[in-house]
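Reading the structure
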Amino acid sequence: MGRLHAKCNVRSMNVGVLSDTHGWIHPQVQAVLKGADCIVHAGDVLGMGVLDALARLARKGRVVAVAGNNDRYDGMRQKAELPTVAEMPLPGGTLVVTHGDQFGSAPKHATLRQAWPQARAIVYGHTHRLVCDQDHEPWVLNPGAAGRTRTHGGASCLMLAADAEGWTVQAHRFPPCAGGIEG
């Protein structure tokens, strides 16, 4: 699939960032994302129910999702026509979202930065590992796994606050639990 360009005409935004739900969203991740101006899913959604749930959590139902390697087998790419890359102009810069599987099992941050040098930040999933590499621009962010599959210490997500003056990122990690939203 191609690229998605989402328009943004506001002065500031709170963007919830998650990945690798694999059909289930941790309840505390849902609580963090509730009311975000936009929610970004970096692939391996595995279920339209997940995207529907995220739309209910986001202000005005705004969700941007990209296809992950497992979504191909789940049929998500055809059902939701998810792109492989989304480029989102936000206040203060562009957020690029990809699952990252096209760069191998553990994408190198230098490779991601080389692919999208114009971005302010690059979000990827695939590894299920929470990462906030803000040492160089563009930042490289991985929200980890927001479901229950290979969470490496617990489900996690990010909140990105973007405005023209600057961006900040908060990481959230939660212990494994039952419950949540099935996709």
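The present account deals with the structure reproduced in this document. (Residues numbered from 1 in each chain as written. Predicted model: local features only at pLDDT ≥ 70, side-chain atom pairs only at ≥ 80, totals over all residues. Heavy atoms only, no water.)

Before going further, it helps to examine the overall build of the protein chain. Helix and strand counts for the protein chain stand at five helices and 13 strands. Taken across its 183 residues, the protein chain has 55% of its residues classed as buried. In the protein chain, once contacts between residues fewer than 6 apart in sequence are set aside, the share between residues at least 24 apart is 59%. Here the protein chain has roughly 8,000 Å² of accessible surface; of this, 49% comes from carbon and sulfur atoms. (Helix = DSSP H or I, 4+ residues; strand = E, 2+ residues; numbered from the N terminus. Buried < 20%, exposed > 50% of the residue type's maximum accessible area, 1.4 Å probe, protein only. Contact = heavy atoms within 4.5 Å. Areas by Shrake-Rupley, 256 points an atom, 1.4 Å probe, with all protein chains shown as cover.)

Take Tyr 124: it is sitting in the loop between strand S8 (121–123) and strand S9 (130–133). Taking relative accessible area as the criterion, Tyr 124 reaches 3% and is therefore assigned buried. Each C-alpha atom, one on Tyr 124 and one on Val 96, is 8.5 Å from the other, the two residues being 28 residues apart in sequence. Excluding anything up to four places from it in sequence, Tyr 124 contacts Ala 42, Thr 98, His 99, Gly 100, Pro 107, His 109, Leu 112, Val 131, Val 140, Leu 141, Asn 142 and Pro 143. Side-chain polar atoms of Tyr 124 contact the side chain of His 109, separated by 3.2 Å. (Polar contact = N/O pair within 3.5 Å; in protein donor to acceptor, adjacent residues only side chain to side chain.)

Across all of its chains, the model carries two aromatic pairs by this definition. Pairing Phe 103 with Trp 116 gives two aromatic rings, centres 5.8 Å apart and planes at 75°, and the pair type is edge-to-face. Remark: Trp 116 occurs in the loop between helix H5 (109–115) and S8 and Phe 103 occurs in the loop between strand S7 (93–98) and H5; sequence separation between them is 13 residues. Arranged with centres 6.5 Å apart and planes meeting at 75°, the rings of Trp 139 and Trp 167 form a pair that is edge-to-face. Of this pair, Trp 139 sits in strand S10 (residues 139–143) while Trp 167 sits in strand S12 (residues 166–174), placing them 28 residues apart in sequence. A single burial state applies to Trp 139 and to Trp 167, both of which are buried. Between Arg 120 and the ring centre of Trp 139, over which it is positioned, the NZ or CZ distance is 5.8 Å. (Phe/Tyr/Trp six-rings, centres within 6.5 Å; stacked < 30°, edge-to-face > 60°. Lys NZ or Arg CZ within 6 Å of the ring centre and 35° of its normal.)

Our focus in this paragraph is the sheet that holds strand S4 (residues 38–41). For sheets, the rule is that strands pair by backbone hydrogen bonds, running either parallel or antiparallel. One open sheet accounts for five strands, arranged S5-S4-S2-S11-S12; its pairing is mixed. Where the open sheet ends on each side, the last strands, each with one partner, are strand S5 (63–65) and S12. Along the sheet, successive strands turn relative to each other by an average axial angle of 20°, direction set aside. When S4 meets S5, the two strands line up parallel, connected through three bridges. For Val 40, the partnering residue across the bridge sits in S5 and is Val 64. (Pairing = 2+ DSSP bridges. Axes fitted to C-alpha atoms, helices over the stretch in contact; angles between N-to-C directions.)

With that out of the way, let us pick up unusual backbone geometry. The residue after Glu 137, namely Pro 138, is reached through a cis peptide bond having omega -5°. Phi is positive for Asp 20, close to 50°, though the residue is something other than glycine. In this structure, Asp 20 sits in the loop between strand S2 (12–18) and strand S3 (24–25). For Asp 20, a relative accessible area of 0% puts it in the buried group. Phi is positive for Leu 46, close to 55°, though the residue is something other than glycine. With respect to the helices and strands, the residue Leu 46 is situated in the loop between S4 and helix H2 (48–57).

Once that is clear, we can look at the pairing of strand S11 (residues 155–163). Among the nine residues that make up S11, seven are buried, leaving the element largely enclosed by the rest of the structure. In the sheet, S2 pairs with S11 via six bridges, with the strands oriented antiparallel. The residue of S11 that forms the bridge with Val 15 is Leu 160. Where S11 folds back onto S12 in an antiparallel hairpin, the turn is made up of two residues.

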